[in-house]
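# Reading the structure
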Amino acid sequence: MLAFKLAFRNLMGAGLRTWLNVIILSLAFVMIIWFKGMLDGWDREAKMDSIAWEYGGGEYWQKDYDPLDAFTLTESHSKLNRDQLNEIDKGNLIPVLISQGTIYPDGRMQTILIKGIDKNQSFLKLPTARLDTMINEIPAIIGANMAKTNRLEVGDIMTLRWRDVNGTFDANEIQITDIFQTNVPSVDGGQIWIDIDRHREMMLMPDEATILVCNSDFRQDIIYEGWDFKDLDFLLKEIDEIIKTKSIGGSTFYFILLMLAWLAIFDTQVLSIFRRQKEIGTYIAMGMTKRQVVGIFTVEGAMHSILAVFVGSLYGIPLFWQQASKGINFGMDGSEFGITMAETLYPYYTLGLVVTTIIIVVLTTTLVSYLPAKKISKMNPTEALKGKTT
Amino acid sequence: METQNQISINKLSKHFPVGGGKFTALKEINLNFVEGEFSGLVGPSGSGKTTLLNIIGSLDSPSEGEAIVLGRAISKLSTKASAKLRKEELGFIFQSYNLLPVYTVYENVEFPLLLLNMSATERKNAVMEALDWVGLIPKIKSKPPQLSGGESQRVAIARAMVKKPKLVLADEPTANLDAENSFHILETMLKLNKDLKTSFLFATHDEKVIKYLKRKISLADGMVAKDEYISK
Ligand SMILES: Nc1ncnc2c1ncn2[C@@H]1O[C@H](COP(=O)(O)OP(=O)(O)OP(=O)(O)O)[C@@H](O)[C@H]1O
Ligand SMILES: [Mg+2]
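Model, not experiment: these values are computed from the prediction.

### So, the site of ligand 1
Around ligand 1 there are 15 residues in total, and S45(B), G46(B), K49(B), T50(B) and T51(B) lie nearest to it. Within the contact set of ligand 1, an oxygen atom lies 2.9 Å away from a backbone nitrogen or oxygen of G46(B). Interatomic distance of 3.0 Å between a backbone N/O atom of G48(B) and an oxygen atom of ligand 1. Summarising the interface, the protein chains cover 70% of the accessible area of ligand 1, which totals 630 Å² for the free molecule. Looking at the shell around ligand 1, the elements that each hand over two or more residues are α11 (381-386) of chain A together with β2 (21-33) and α1 (49-56) of chain B. Looking at the shell around ligand 1, its residues break down into four nonpolar, seven polar and four charged.

### Remarks on empty space enclosed by the protein
Using a probe with the size of a water molecule, rolled over the atoms, empty space left in the structure can be pinpointed. Here the structure, examined in full by the defined rule, presents one cavity of 30 Å³ or more. What the largest cavity holds in volume is close to 60 Å³. Lining the largest cavity, in full, are T282(A), M286(A), L90(B), G91(B), F92(B), F94(B), P112(B), R159(B), A160(B) and K163(B). The leading source of residues in the lining of the largest cavity is strand β6 (residues 90-93) of chain B, at three residues. Along the lines of polarity and charge, the residues of the lining of the largest cavity split into six nonpolar, two polar and two charged.

### A few points about the pairing of β2(B)
All names here are of chain B. Pairing of strand β1 (residues 7-18) with β2, which is carried by nine bridges, proceeds in the antiparallel orientation. Considered in β2, the bridge of L12 is made with I29. In this structure, the hairpin formed by β1 and β2 is closed by a connection of two residues, where G19 is found at a positive phi of approximately 55°.

### Regarding the packing of helix α9 (residues 290-326) of chain A against helix α10 (residues 351-373) of chain A
Residues and elements named next belong to chain A. At a minimum axis distance of 8 Å, the contact between α9 and α10 shows a crossing angle of 150°. In this view, α9 runs roughly antiparallel relative to α10, as classed from their interaxial angle. As for the relative orientation of α9 and α10, their crossing is right-handed in sense. Residues V294, F297, T298, G301, A302, S305 and V309 of α9 touch α10, and the partners they reach there are I358, V361, V362, T365, T366, S369, Y370 and A373.

### Quick word on the pairing of strand β4 (residues 110-117) of chain A
Residues and elements named next belong to chain A. With eight bridges joining them, strand β3 (residues 93-103) and β4 adopt antiparallel strand pairing. The residue of β4 that forms the bridge with I98 is K115. Counted between consecutive antiparallel strands, the loop separating β3 from β4 contains six residues, among which D106 sits at a positive phi close to 50°. Relative to strand β8 (residues 191-195), β4 runs parallel, the two being bridged by five bridges. The partner of K115 across the bridge, within β8, is W193.

Basis of the calculations
Residues numbered from 1 in each chain as written. Chains lettered and ligands numbered in written order. Predicted model: local features only at pLDDT ≥ 70, side-chain atom pairs only at ≥ 80, totals over all residues. Heavy atoms only, no water. Near = heavy atom within 4 Å. Polar contact = N/O pair within 3.5 Å; in protein donor to acceptor, adjacent residues only side chain to side chain. Areas by Shrake-Rupley, 256 points an atom, 1.4 Å probe, with all protein chains shown as cover. Helix = DSSP H or I, 4+ residues; strand = E, 2+ residues; numbered from the N terminus. Nonpolar A, V, L, I, M, F, W, Y, C, P; charged D, E, K, R; others polar. 1 Å grid on protein atoms, 1.4 Å probe; cavity = no way out; pocket = protein on both sides within 12 Å on 5 of 7 lines; lining within 4 Å. Points joined across faces, edges and corners; volume = space filled by probe spheres on them. Pairing = 2+ DSSP bridges. Axes fitted to C-alpha atoms, helices over the stretch in contact; angles between N-to-C directions. Parallel < 35°, antiparallel > 145°, perpendicular 65-115°, else oblique. Left-handed = near helix turned anticlockwise from the far one by under 90°. Contact = heavy atoms within 4.5 Å.

As structure tokens, this is what we get:
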């Protein structure tokens with residue numbers, strides 16, 4: 001208690017130097033929380049978007065399906081059983097049939113995935129209702145990125161070529177009936193969405209599907225023979241990996257800030273212990289043990305971080321508040337880079353994040369303050385009183 | 001006889017390592033002090049005054065022999081025990097005042113009491129009393145940089161006296177002061193010596209101080225050259 005009182009008086013007495021250190025440290029605080037909050041917000045949004053556009057409450061995969069290997073597509077489709085068809089009727093499952101094809105926009109050739117989906121589905125955000133039009137061509141919807149890279153517009157007509165279940169080539173015209181805007185690249189690039197019934201006819205695969213997307217309130221403990229259930233933890237793993245890489249990249253940035261603050265405090269401590277030898281000698285002459293004096297100087301250094309918490313919250317809280325409610329606009333679309341990312345990001349700050357950051361910074365600052373202060377215990381009090389120790 | 005001594009120094013020597021060899025700063029000193037003395041170690045620069053004072057103050061320890069201060073053998077004290085001795089029984093006054101610059105006059109004087117874990121009211125009473133002794137109540141809120149040398153040294157005296165120690169050790173307390181301020185300081189200390197029975201031991205070569213001493217111990221080359229009681 002005494003050490004805190006003395007340390008506080010000494011810090012206030014030191015004036016400008018104290019405040020410079022405190023401000024650097026508070027910047028480190030705010031940057032760490034800001035950056036982490038941004039990543040957490042991104043992580044949350046990316047996951048929510050992926051769930052809303054693609055994964056629902058999880059997916060059943062036909063046992064041979066491997067999204068990383070396009071060659072498995074010729075094998076990875078099965079006829080749906082009675083139970084599955086029932087659940088589809090009830091709106092609990094959405095069947096998706098996936099195969100490979102080629103489109104020829106403007107005479108160019110482009111290999112794509114054809115994804116047939118139930119045009120009456122209601123719980124994925126994909127605008128599948130736009131597949132329900134009576135036109136001569138096969139209605140198809142694509143994402144904005146797919147449209148951009150292939151210079152496609154609504155109303156464009158082009159040839160689609162595919163191999164049916166027997167390996168026989170076939171072709172037909174498709175027409176783009178909608179271009180949708182999404183932050184989820186895995187429903188956008190390199191693929192077209194058509195009605196699953198048309199797709200089954202084209203492929204000669206009646207009642208078949210590659211994956212079944214579950215509605216989020218659907219009981220997922222049902223086992224369908226020949227199908228593997230993939231839960232959200234599994235499906236969202238990729239996003240977790242990306243976020244982890246980003247946060248490692250970001251750490252170096254705020255580690256540099258912290259290093260700056262630590263250096264400034266370390267330097268202040270070394271200097272003050274050197275300059276305040278007489279004071280140290282006086283403390284000892286008045287009956288303090290060296291350990292108590294080390295304690296005062298350590299607390300004094302560590303207290304920078306406590307002050308930094310207050311200073312940081314002065315500008316940090318309004319900043320975080322504003323960003324968490326209004327969002328941060330990056331003016332670019334992350335899906336162009338193949339990462340799920342909204343144009344406007346809503347940072348997500350949790351109490352846990354703030355508390356852990358404070359604890360880590362206070363502990364490290366204490367250590368940085370203690371290391372130079374430890375030197376006091378080696379000082380000879382009579383030399384310290386003369387102010388001559390080196 | 002010996003038990004009544006507040007300080008008794010027996011065959012005390014102090015060597016400092018210098019270069020490869022050693023320098024003898026104090027040589028076989030024998031001295032005894034009783035309670036309530038107003039005495040001084042005098043002698044030319046380098047004669048060992050500060051060295052002896054520091055040993056008596058348990059800031060340093062003898063190389064040979066012993067100093068028994070208030071019943072404690074200095075050479076045998078643990079760091080904790082010597083800190084306790086200084087905290088509870090001793091007061092120090094230095095040539096350069098050694099006030100804590102960021103503290104007010106009040107806080108400087110309060111400091112030794114904080115170490116003694118005294119209650120707030122007890123502290124307040126004691127601090128005000130000590131500041132009254134040295135006539136500094138009007139400067140209670142000032143900080144050391146705003147004080148004159150004489151005022152600073154009076155704060156230092158109040159700080160040394162506030163816990164009513166048995167013994168005050170003062171190393172060249174007047175070296176930075178003019179005649180008028182020196183006079184004032186010595187009068188104050190003399191009064192406290194009389195009123196509170198506090199012993200004072202000076203280290204000085206200032207004639208102004210020497211005039212006030214009731215006992216003058218002359219050191220020369222680390223040895224006691226003369227030990228005289230001066231009747232006034
Ligand atoms: N730590 C030390 N290492 C080596 N020599 C020392 C040390 N401290 C003191 N001395 C030497 O011991 C001798 C006595 O020093 P001391 O400080 O006691 O003298 P003093 O009588 O107080 O002198 P002054 O009047 O100048 O203050 C001096 O010659 C000094 O150089
Ligand atoms: Mg001296």
